[in-house]
Amino acid sequence: MKVLKFGGSSMGSAQSIRQVRSVIESADDNVIVVVSAVAGVTDMLNAAAMDASTGKGFEGSLASLSQKHYEITSALIDNPVVVNERLDVIFKHLNNLLLGVELLNELTPRSLDAIVAQGELLSSLILHHYIDGSLWFDSRELIVTQRHGRRNVVDMNVTPKLIREKREGLGRINIFPGFIAADESGMTSTLGRGGSDYSAALLAAGFGAEMLEIYTDVDGFMTADPKVISRAYTIDHLTYSEAMELSHFGAKVIYPPTIMPVWQKGIPLRVKNTFRPHLAGTLVDAVPNGSPVSTIKGISSIQRMSLLTIQGPGMVGVTGISQRLFGALADSNINVVLISQASSENSISFVVGQEEAASAIVAVEREFVAELMDGHILPVCEEGGMAVVAIVGERMKQTTGVAGKLFHALGMNGVNVYAIAQGASELNISIVIKNDVLKKTLNALHDAFFLSRHKVLHLFLSGVGTVGGRLIEKLGLQAEKLRNTDRLVIRIAGVSNSRTMVFDPQGMEPSNIGTLLADGEPASPELFSERIRQLNLANSVFVDCTASPVVASQYHKLLSANINVVTANKIASSSPYADYRKLKDTAREKGVKFLFETNVGAALPIISPINDLLKSGDRIIRLEAVLSGTLNFIVNEMSPNALLSDVITRARVRGYSEPDPRIDLSGVDVARKILILAREAGNKLDIDDVEKEPFIPESFFTYESVDDFMSRVGALNDEFETRRSRLQAEGKKMRYVAVLENGKASVGMRHVDEQHPFYHLEGSNNVVLIWSDNYKEHPMQIKGYGAGADVTAAGVFADIIKVANL
């Protein structure tokens, strides 16, 4: 014998009920079928009862209810006269119940039970008449409850005996209404929300079934709430204790009390999807079966909680405080979800439903009124808008580092934990957080425990011009390799240009971004930053491929929100020292990355080696560098047939120079770069501290537009060609060099001969020479391409990879 339970979603329409019959009739064994009310009906009955009690009238609701059920019978049964007559009796009784509530202007718990119980009676009768040869039983004759406070509790001395006695009268297909029961006097009672699952478990235990199958609209227990975590997947196996923990902490697959009756009898339970019955679902039994992928089985959460704390010096070393506290809460029928007590015994924190918080505070302060008056205990402190998140799994007992992994994932994403609870069984670690970071928390934990084979980064890109466009192309080309080889998934979750922005937390195809931006919403750097922070996605990376000071001004807000920043924009790292230091310190405090390697040498690693030297205890003594690929390209390409203005134009066309080449030619770009290196080497310098000699005379920087400048810079052609020819005759070359020594920085033109490492520097290459305590006689030399959109995009890509800690 099997017990099959079908929830409201499975009984939601005529089409759904056809599928239910298909599942029932395909069973090889005799079956006990337990059904919930048609989807939405219990809520409609509750609303009708409330309307009746307040005099708003219930007739419209009752008419809608009857129409809903009659439409189902008409669609399922060729001649529904007989079933409709039975439904008529229920609707007439329901009308009388509601009328009585309306006349008395009072809705008692017993009256409400009697009203909402009609939903299961209606749905079970429809299914009984739809399946030929089935038998119908009234669950009120088998399940007996007692009233305990505001709850109906099953009388386990009477109920199992009544169920066993009914076994002889069972047939092939036996249909029972779930959720409903009767009290000791025979009056209708209910088992509470989700009670149909409990009905099915009681029947399975009482009849000695071989299996209890719970059919719903999901494939089984999931690793996390699929409405929040799209990557959540079905758990194939759980122990009873794991399923109990997950259900208690918000996994709305089955009603928590369901597990206990079958657990006590050793009856396996399987959760399946009515609409995909071919899938195995989740098996729940007593056999430990550790997952080879993760140390935990699932993550559950409960929202709309309040964290209450009672504390004071009068609690330390005093026996009976906990007994009095939780006794007072129990006397007020308040359910405590989580408890956490400090080892100092100075405080006890506990979590209750948000709607019960006020009553809980009254109950506690009434119990400790004397201590409150004496100041030995402080007034109860309430933190509202909380959520409880639990990670569950029996393998946690044998595995070290689970808690470390949990809190590392939360810390990296800026999630503050308000309270923690873990039992000695090590089956569950529960944390209390704010509701507004729940989605980020679940994503971070799911990635940490279930997707550790694939680290996921959510990337937000500002700027899709030359560098940004190349970066998007590289992300598309490298996606498969990163996933398969490096186990890294980079989701482009948001993109903005100067006019529009577009978001998709699930990730956008690189090839579609141009089209999506064309139809995007209006954008600004402030709006883009705000939306990124509102999305609050785990493992977020903001990438700046602009030269905008307004975009750079958003870095601090992003870092403060635990969002990594990778930038090719030099403005922030060369801003006033106090601002630069603030960004670095914020990144360190928040445990996120602020990376700007491309600010100095495009894809050439210069900043990282300097950082590594300092971390190892070394000291930078002197630094000389050619840091402008643009200017090096210009001096290398000049010849009698390629004059200054021609080469500047060529550098712009190839993307070596800034969009406005005057930034390069003024020496400002190189000054920013040496300033950044000086700061990374431990010097507190600002841009005004850098001595600057421009590449060309100052007078050429007064023209308003780039076009005006380009039309006039040819006036320098002869001067530069004469200079170049003279140096060539002397065996020398021009190089625009940056120098850092004794805490002072300068940039300017130098003439170098064949003995100097800069002499043979070709094309747009950069080179850096670093003298340190460990590199005194022979400086460290870093050399390579230092300009161009491709290499800059490659450098940005490398910094993104560093965020993932691969």
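Residues numbered from 1 in each chain as written. Predicted model: local features only at pLDDT ≥ 70, side-chain atom pairs only at ≥ 80, totals over all residues. Heavy atoms only, no water.

The subject of this paragraph is the overall build of the protein. Along the protein, the regular secondary structure elements total 30 helices and 31 strands. For 806 residues, the compact-globule formula gives about 28 Å, and the C-alpha radius of gyration of the protein, at 36 Å, lies well above that figure. Counting all 806 residues of the protein, 53% fall into the buried class. Sequence-distant contacts in the protein: of pairs separated by 6 or more residues, those separated by 24 or more amount to 72%. Total accessible area on the protein stands at roughly 34,700 Å², and carbon and sulfur atoms take up 49% of it. Computed over 79 positive and 91 negative side-chain charges, the separation of the two mean positions in the protein equals 3 Å. (Helix = DSSP H or I, 4+ residues; strand = E, 2+ residues; numbered from the N terminus. Rg over C-alpha atoms; globule rule 2.2 N^0.38 Å. Buried < 20%, exposed > 50% of the residue type's maximum accessible area, 1.4 Å probe, protein only. Contact = heavy atoms within 4.5 Å. Areas by Shrake-Rupley, 256 points an atom, 1.4 Å probe, with all protein chains shown as cover. Lys, Arg positive; Asp, Glu negative; His and termini not counted. Charge placed at Lys NZ, Arg CZ, Asp CG, Glu CD.)

This part takes up the packing of aromatic side chains. Under the counting rule described, the total for this entry stands at 16 aromatic pairs. Ring geometry for Tyr 240 against Trp 263: centres 5.7 Å apart, planes inclined by 20 degrees, an arrangement best described as stacked. Pair noted here: Tyr 240 is in helix H9 (residues 240-248) and Trp 263 is in helix H10 (residues 259-265), with a separation of 23 residues, a long-range link. Relative accessible area serves as the criterion here: at 2%, Tyr 240 is assigned to the buried category. Both rings, one in Phe 700 and one in Tyr 703, keep their centres 6.3 Å apart while their planes meet at 70 degrees; by these two values the pair is edge-to-face. On the basis of relative accessibility, which here comes to 11%, the residue Phe 700 falls in the buried class. (Phe/Tyr/Trp six-rings, centres within 6.5 Å; stacked < 30°, edge-to-face > 60°.)

Take the sheet that holds strand E21 (residues 500-503) next. Spatially, 7 strands are ordered E22-E21-E20-E19-E23-E24-E25 in an open sheet, and the strand pairing comes out mixed. On the outer flanks of this sheet lie strand E22 (521-522) and strand E25 (594-595), each paired with one strand and no other. Across the sheet, helix H16 (residues 466-484) is in contact with strand E19 (455-462), strand E20 (488-496) and strand E23 (540-544); its angle to E20 comes to roughly 155 degrees. Across the face of the sheet, helix H30 (residues 789-803) comes into contact with E19, E20, E23, strand E24 (564-567) and E25 while running at roughly 165 degrees to E24. (Pairing = 2+ DSSP bridges. Axes fitted to C-alpha atoms, helices over the stretch in contact; angles between N-to-C directions.)

In terms of nonpolar packing, the biggest core is built from 75 residues, with Phe 542, Leu 627, Leu 644, Phe 695 and Ile 696 touching the most fellow members. With 7 residues, the single largest contributor to this core is helix H27 (residues 668-680). If we skip the residues at most four places from it in the chain, Leu 644 touches Ile 634, Met 638, Phe 695, Ile 696, Val 713, Leu 716, Asn 717 and Phe 720. Within the second largest apolar cluster, 47 residues are counted, among which are Phe 6, Val 20, Leu 62 and Ile 175. (Core = buried A, V, L, I, M, F, W, Y, C linked by side-chain atoms within 4.5 Å.)

With that settled, consider the pairing of E19. The element E19 is largely enclosed, with a buried count of 7 among its 8 residues. Note that E19 and E20 share 8 bridges and pair parallel. Note on E20: the bridge partner recorded for Val 456 is Val 489. Running through H16, the crossover from E19 to the neighbouring parallel element E20 is right-handed. Relative to E23, E19 runs parallel, the two sharing 5 bridges. Each residue of the ladder has a partner; that of Leu 459, found in E23, is Val 541. (Right-handed = clockwise from strand over helix to strand, strands pointing away.)

Quick look at the pattern of salt bridges now. Counted under the stated rule, the structure contains 30 salt bridges. The salt bridge involving Lys 2 is made with Glu 213; its shortest N-O contact spans 3.1 Å. Separated by 211 residues along the polypeptide, Lys 2 in strand E1 (residues 2-6) and Glu 213 in strand E9 (residues 211-216) bring together distant segments of the chain. Shared partners join several salt bridges into a network, and the residues in it are Arg 324, Glu 367 and Glu 371. (Salt bridge = Lys/Arg side-chain N within 4 Å of Asp/Glu carboxyl O.)

Among the structural elements, Val 791 can be located in helix H30. Sequence spacing of Val 791 and Ala 603 is 188 residues, and the spatial spacing of their C-alpha atoms is 5.1 Å. Excluding residues within four positions of it along the chain, Val 791 makes contact with Ala 602, Ala 603 and Tyr 785.

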